[in-house]
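Structural characterization, general
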Amino acid sequence: MKALKINPLVFIIINVLAPSMYIFIKATYLLPFLMIFSACVLLLMGRFKRLGISAVIYVAMFGVYSLFMKIEALNFWGLFVLILMQSFPCAVLAVLLVSKYSSAELLSALEGLRLPRPLVVAATITLKYVPTFARELKFITESMRLRGIKFSILKPISSFRYFIAPQLFRCSALSEEVTAAGLVKGIDAPIRRTSFFEQKIRFSDVALLAVFLIGTLGGLIWAK
Amino acid sequence: MGEVVIKADNLSFNYKESKEGIHNNSFEIKRGEVILLTGNSGSGKSTLLKCLNGLIPEIQEGDISGDITINGQEYNKLKMFELNKDIGSVFQNPRSQFFTDESTAELVFPMENYGYSKEEMQARLDKLIRAFSLEKVIGRNIFTLSSGERQKLALATSLTLDQKVLLFDEPSANLDYGNAMKLGLTIRELRDKGLTIIVSDHRFFYLNGIIDKVLFMDSGNLKIYESEEEFKNGDYNTRSFDLFEINTPFKKEKETYETVASMKDVSYKDILKDINIDFNKGETTVIVGSNGAGKTTLAKLLCKTYKPDKGKINEKGLPFFIMQDPDYQLFGTSVHNELTIVKKDEERINKLLEKFGLKEYKHTHPFDLSGGQKQRLQIAMAMLCDKEVIIFDEPTSGLDVTSMQRVSGEICSLSENAAVLVISHDYEFIRNVADRIVYIDEGTVKEDFMLNSETVLRLNSIFTKMEEAACK
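Cut-off values and rules
Residues numbered from 1 in each chain as written. Chains lettered and ligands numbered in written order. Predicted model: local features only at pLDDT ≥ 70, side-chain atom pairs only at ≥ 80, totals over all residues. Heavy atoms only, no water. Helix = DSSP H or I, 4+ residues; strand = E, 2+ residues; numbered from the N terminus. Rg over C-alpha atoms; globule rule 2.2 N^0.38 Å. Buried < 20%, exposed > 50% of the residue type's maximum accessible area, 1.4 Å probe, protein only. Contact = heavy atoms within 4.5 Å. Areas by Shrake-Rupley, 256 points an atom, 1.4 Å probe, with all protein chains shown as cover. Lys, Arg positive; Asp, Glu negative; His and termini not counted. Charge placed at Lys NZ, Arg CZ, Asp CG, Glu CD. Axes fitted to C-alpha atoms, helices over the stretch in contact; angles between N-to-C directions. Parallel < 35°, antiparallel > 145°, perpendicular 65-115°, else oblique. Left-handed = near helix turned anticlockwise from the far one by under 90°. Nonpolar A, V, L, I, M, F, W, Y, C, P; charged D, E, K, R; others polar. Domains from an automatic or database assignment. Buried area = accessible area lost by both parts, 1.4 Å probe. Salt bridge = Lys/Arg side-chain N within 4 Å of Asp/Glu carboxyl O. Polar contact = N/O pair within 3.5 Å; in protein donor to acceptor, adjacent residues only side chain to side chain. Patch = residues over 30% accessible without salt bridge, like charges linked within 9 Å, V, L, I, M, F, W, Y side chains within 5 Å. Disulfide = S-S within 2.5 Å.

1. What about the overall build of chain B?
Broken down by element type, chain B carries 16 helices and 19 strands. In terms of C-alpha radius of gyration, chain B reaches 23 Å, essentially the compact-globule figure of 23 Å for 472 residues. Looking at chain B residue by residue over its 472 residues, the buried ones come to 57%. The contacts of chain B with a sequence gap of at least 6 include a subset with a gap of at least 24, amounting to 69%. Accessible surface, chain B: about 19,300 Å² in total, of which carbon and sulfur atoms supply 45%. Where the 60 positive side-chain charges of chain B centre and where its 74 negative ones centre are 3 Å apart.

Written as structure tokens, this is what we have:
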């Protein structure tokens with residue numbers, strides 16, 4: 001089967017809606033629905049390896065959760081893991097969005113929403129920041145290893161300090177660089193942006209979104 | 001010469017949070033000129049360049065005064081997007097250069113922003129691919145490109161809107177000698193096509209014979225040399241336009257060496273093949289080779305980041321590795337704390353702070369230091385760590401001549417107690433620090449010799465070879 005190319009707009013809408021649905025819909029319905037939904041999306045897009053890895057992570061989290069809930073002293077942490085589990089399917093889709101689509105494609109998709117230009121630019125720069133940050137992280141963990149600074153759970157505060165402080169300092173420099181890269185290429189031009197990689201909304205996109213909406217709406221009715 | 005393209009009149013800019021800035025700069029740039037903008041680190045080159053491409057005052061807070069015009073239009077009446085239709089910018093840092101992560105997306109990105117139709121974009125794209133021979137670059141992830149390819153892509157991207165003025169920010173910083181010489185040729189061709197080119201750089205050997213005017217910055221004040229000749233005859237150390245002519249004394253060969261690390265028949269993927277090198281205490285070994293020859297891979301094998309597929313690496317513990325970007329490597333809360341992470345030895349720490357002029361910054365956060373101070377802190381850390389192997393990756397990229405000489409001295413004193421391995425493209429720096437040269441090409445050690453008055457010609461011919469390969 002040919003892997004399906006899904007319009008990034010579909011992902012953006014789902015990512016905005018899905019997490020907030022936990023307020024209205026019971027997790028006992030919403031979580032399995034989102035799990036099945038995101039698994040189907042991964043299958044349709046031919047991301048079998050990612051599906052496998054995600055499944056393993058989820059099962060591991062479930063194991064940790066069950067274990068923690070059996071030991072009273074760890075119940076609090078068990079609930080923490082549960083929250084992570086609930087956001088997991090959304091996180092899978094979010095990762096797909098930033099890894100599979102280039103910032104140019106995302107920008108085109110956001111343009112399609114006819115949002116105010118400054119918002120589109122800000123959103124694109126933020127989305128572009130994620131992969132840049134991921135790349136930087138590799139350098140930092142590597143040089144921590146070479147310096148003999150270990151990231152240890154036993155020393156959470158000092159590990160966190162070594163890890164987070166450089167990140168915060170880099171954030172300001174990085175955001176300036178990313179903004180500069182966009183600005184000198186006319187990202188601020190008040191012209192209707194065109195797209196070289198233009199993706200029309202296809203039947204598959206509408207169908208996917210419809211399944212998502214019907215599923216969540218169904219949950220709303222069922223919850224009543 | 002043609003008409004005036006850019007004109008600045010008493011241009012000043014003062015940063016809100018520091019004393020640095022530029023003061024009353026006045027100059028004219030004519031169509032078709034090649035301008036070199038140079039000066040020591042912190043002299044205000046980048047500030048002036050940012051004023052020229054509009055990033056000041058767009059994203060930098062501070063006070064700007066004076067006039068600056070392009071083709072007779074005042075900058076302050078132009079929006080960023082209007083200005084960037086005329087001016088293309090090539091940054092040295094890929095993070096500020098590229099907005100997307102794919103080469104085709106990057107090339108069309110400016111055109112999309114300016115609302116070009118798909119047909120126009122395709123036509124322009126085809127033209128750029130032909131003009132810059134981008135056939136092998138197109139459709140690839142930017143982070144998998146070699147630095148030469150990245151430079152070509154950056155250049156092509158900055159010309160997508162058919163800009164007539166090009167700004168380069170330290171283009172040679174990440175280029176090997178061959179690719180830098182090739183960039184010189186490209187700049188010459190672009191100038192012949194009528195483009196106006198402004199290059200801000202510490203190194204300028206690759207511009208020999210093509211500079212029309214030099215804008216020399218000194219603490220924010222501008223001095224103008226009306227010709228390359230005038231600049232060469234001036235009192236600034238021009239860091240030699242003709243690299244091979246420099247006259248640096250060679251280091252004395254030692255009688256005995258103690259081998260502290262070695263690579264025996266090491267191979268890694270298809271990058272390195274059967275590498276045999278011994279690293280000796282008291283010796284500075286410089287690894288030379290084109291971008292992508294496998295120099296950094298070799299360093300990473302020594303750091304155990306990668307495991308060799310074949311062969312053996314003998315060493316005691318991990319080496320101390322000083323990367324190009326110090327920001328990835330500093331984790332302390334203060335300069336003093338940074339050194340105590342390496343070793344808790346108050347007496348030595350105090351001595352090192354004194355030696356490297358960092359005593360008054362003892363309680364400063366490492367990230368608040370200047371680039372040069374960060375590098376000095378790293379060298380102090382290397383001295384304190386007592387490791388037997390110390391590796392430097394391009395320590396002089398982006399350094400002015402004075403800083404380069406200072407680092408050379410520090411590396412030489414570091415090598416008294418350790419085997420120092422330096423990866424570098426900087427010929428002048430290599431002549432200052434090297435005891436030994438190892439030339440890597442096509443994944444193998446092509447040459448390995450002690451550098452002295454007899455072997456210097458071998459080093460020169462390696463550089464000439466790299467130039468020929470790049471400019472083919």
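2. Notes on the packing of helix α5 (residues 103-113) of chain B against helix α7 (residues 147-157) of chain B
All names here are of chain B. Two numbers describe how α5 lies on α7: the axes approach to 9 Å, and their chain directions differ by 20°. Classified by the interaxial angle, the pair formed by α5 and α7 is roughly parallel. In the packing of α5 onto α7, the handedness of the crossing is right-handed. Residues S103, E106, L107 and P110 of α5 form the contact with α7, whose participating residues are L153, A156 and T157. Taken together, the residues that form the contact of α5 with α7 break down as four nonpolar, two polar and one charged.

3. A word on the domain arrangement of chain A
All names here are of chain A. If you check the domain split of chain A, you get domain 1 (1-102 + 199-224) and domain 2 (103-196). Surface buried jointly by domain 1 and domain 2 totals about 870 Å² across both partners, of which 68% is contributed by carbon and sulfur atoms. The largest per-residue losses of area from domain 1 upon contact with domain 2 belong to L9, V98 and S102, which jointly make up 58% of the total buried on that side. Linking domain 1 with domain 2 are zero salt bridges, by the criterion used here. At the surface where domain 1 touches domain 2, the tally comes to zero residue pairs in polar contact (both at pLDDT 80 or more). Residue assignment for the side of domain 1 that touches domain 2 shows that the elements contributing at least two residues are α1 (8-20) and α4 (75-100).

4. Topic: a nonpolar patch on the surface
Residues and elements named next belong to chain A. On the surface, a cluster of nonpolar side chains totalling about 620 Å² of accessible area is made up of I23, F24, L213, L217, L220 and I221. Along the chain, L213 turns up in helix α8 (residues 203-223). Judged by relative accessible area, which is 34%, L213 ranks as partly exposed.

5. Here's the deal with the pattern of salt bridges
Residues and elements named next belong to chain B. Enumeration according to the criterion identifies 28 salt bridges over all chains in this entry. Between D327 and K374 there is a salt bridge, with the nearest N and O atoms lying 2.8 Å from each other. With a gap of 47 residues between them, D327 in the loop between β15 (320-322) and α11 (335-342) and K374 in helix α13 (residues 371-384) connect regions that are remote in the sequence. A relative accessible area of 15% places D327 in the buried class. One salt bridge connects D386 with K343, and the closest N-O pair in it is separated by 2.6 Å. In this pair, D386 sits in the loop between α13 and β16 (389-393) while K343 sits in the loop between α11 and α12 (346-355), placing the two residues 43 residues apart along the sequence. You can call K343 partly exposed: its relative accessible area is 29%. Through salt bridges with shared partners, one network takes in R124, D162 and K164.

6. A word on the state of the cysteines
Enumeration according to the criterion identifies zero disulfides over all chains in this entry. Free of any disulfide, C412 of chain B has its nearest cysteine sulfur in C385 of chain B, 17 Å distant.

7. Looking at the domain arrangement of chain B
Residue and element names in this part refer to chain B. Domain boundaries in chain B define domain 1 (4-243) and domain 2 (258-319 + 387-471). On a C-alpha basis, the centres of domain 1 and domain 2 stand 31 Å from each other. Contacts between domain 1 and domain 2 engage 20 residues on the former and 21 residues on the latter. Carbon and sulfur atoms supply 53% of the area that domain 1 and domain 2 bury against each other, a total of about 1,800 Å² over both sides. The tally of links from domain 1 across to domain 2 stands at zero salt bridges. Partitioning the side of domain 1 that touches domain 2 into residue classes produces seven nonpolar, eight polar and five charged.

8. Here we look at the interface of chain B and chain A
Listed per partner, the contact involves 61 residues of chain B and 49 residues of chain A. Interface area, chain B with chain A, both sides summed: about 4,700 Å², of which 63% is carbon and sulfur. The largest per-residue losses of area from chain B upon contact with chain A belong to F99, Y328 and F331 of chain B, which jointly make up 18% of the total buried on that side. The interface formed by chain B and chain A contains four salt bridges. Residue E112 of chain B pairs with R193 of chain A through a salt bridge whose shortest N-O separation is 2.9 Å. Summed over the shared surface of chain B and chain A, the result is 16 residue pairs in polar contact (both at pLDDT 80 or more). Elements with a minimum of two residues in the side of chain B that touches chain A: α1 (45-53), α2 (55-58), α3 (80-83), α4 (94-97), α5, α6 (118-131), β15 and α11 of chain B. Examining the composition of the side of chain B that touches chain A, we find that nine residues originate from one element, α5 of chain B, more than from any other. Among the residues making up the side of chain B that touches chain A, the classes are represented as 29 nonpolar, 18 polar and 14 charged.

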